Amino acid sequence: MLKKITFFVFLISFTACTELTNFGTAVLDSMAGGLTDEEVSGGLKEALEQGILKGADIVSVTDGFYKNAAIKVLFPEDAQKVMDVVSKVPGGDVLIDKFVLSLNRAAEDAAKGAKPIFVNAIKQLTFQDVMDILLGGNNLAATQFLERTTSQPLYDAFYPVVNQSLSKVKVPEAWEAVTNVYNRIPFQDPVTTDINKYVCDKALAGLFHMVGKEEQNIRKDPFARTTDLMKKVFAAQDNK
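A. Structural view of the overall build of the protein. Helix and strand counts for the protein come out as 10 helices and zero strands. Residue burial in the protein is summarised as follows: out of 240 residues, 39% are buried. Pairs at least 24 apart in sequence give 82% of the contacts found in the protein among residues at least 6 apart. For the protein, the computed accessible surface area is about 13400 Å², with 60% contributed by carbon and sulfur atoms.

Given below as C-alpha cells:
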C-alpha cells in the first residue's frame, strides 16, 4: 500500500512539473508573439552578450576602475592602519596614491580577458536557464548566473595577469617590505593581506557590478535592446 501511495505522489509531482514547464512555455510564447524556444534563447543570449561586452569594455580601459568611484580598488580595508602610518611620513600620500593607481591598472589589465570566458558560459545556457532568467522576477538573474558559472575560471585567468601587472612596478615587493616593517611594531595586529588575491577579488567584483548595471538597463529600458529579437523576447518580461 505504501509503495502505491509513494508512486502516486511521484506521478502527481512529475505531472505537475511537466504541466508547469509547458504552461511557462505557453505563456512566454503568447507574450513574445509566438517565438520559438530557439528564438527566445537567442534573444536572451544576444542581450547577455551585449551587456557583457559593454560591461567588460567599460572596466578594461585605462581608468575603467581608477576613475569609477563605484568599483575603484582602494587601499586594502584590513590594512588601513598601514596606510594611516605611511600617510604621516613625508611623501607618504604620494606613495599611497601611486600604490592605489597600480592596483587599479592591474584590475583593468585583467578585465581584458573576461569576454571569452563569459561568452563560453552563455553558450552553455539551457532553455530552462533562459526561462528562469527571463521570467524569474530577479533583475540580476543573468549576472548572478554568470557569477556562479564563471567566477573561478575568471579568477584563474585574472591572477597571472594581475601578478604580472603589479610585478612590473614592483608592487608585491614594496607591499611586502612595508607590511614586514609594520608587523614588527610591538602590540600591532599583523597585516596578512595577499595583494594579488585582493586585486583579483576586487576586479571580479567590479566587473560583475558593471555587467549587472547593464543587465538592469536592458531589462528596464526598451531603447537599450538593440536588435528586433531582443525587443520581442523582453516583451515577455515587460508584460509578465
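B. Molecular detail of the side chain of Ser165. With respect to the secondary-structure elements, Ser165 resides in helix H7 (residues 141–168). A distance of 3.0 Å separates a polar atom in the side chain of Ser165 from a polar atom in the side chain of Asp109. If sequence neighbours within four positions are ignored, Ser165 has contacts with Arg105, Ala106 and Asp109.

C. Here's a closer look at the nonpolar core. By size, the foremost hydrophobic cluster in this structure holds 62 residues, and its most contacted members are Phe75, Leu103, Phe118, Leu146, Leu154, Phe158 and Leu207. In terms of residues, this core owes the most to one element, helix H9 (residues 195–220), which gives 11 residues. The residues contacting Phe118, other than those within four sequence positions of it, are Ile52, Leu146, Thr150, Leu154, Leu207, Phe208 and Val211.

Each value, and the rule that gives it
- Residues numbered from 1 in each chain as written.
- Predicted model: local features only at pLDDT ≥ 70, side-chain atom pairs only at ≥ 80, totals over all residues.
- Heavy atoms only, no water.
- Helix = DSSP H or I, 4+ residues; strand = E, 2+ residues; numbered from the N terminus.
- Buried < 20%, exposed > 50% of the residue type's maximum accessible area, 1.4 Å probe, protein only.
- Contact = heavy atoms within 4.5 Å.
- Areas by Shrake-Rupley, 256 points an atom, 1.4 Å probe, with all protein chains shown as cover.
- Polar contact = N/O pair within 3.5 Å; in protein donor to acceptor, adjacent residues only side chain to side chain.
- Core = buried A, V, L, I, M, F, W, Y, C linked by side-chain atoms within 4.5 Å.

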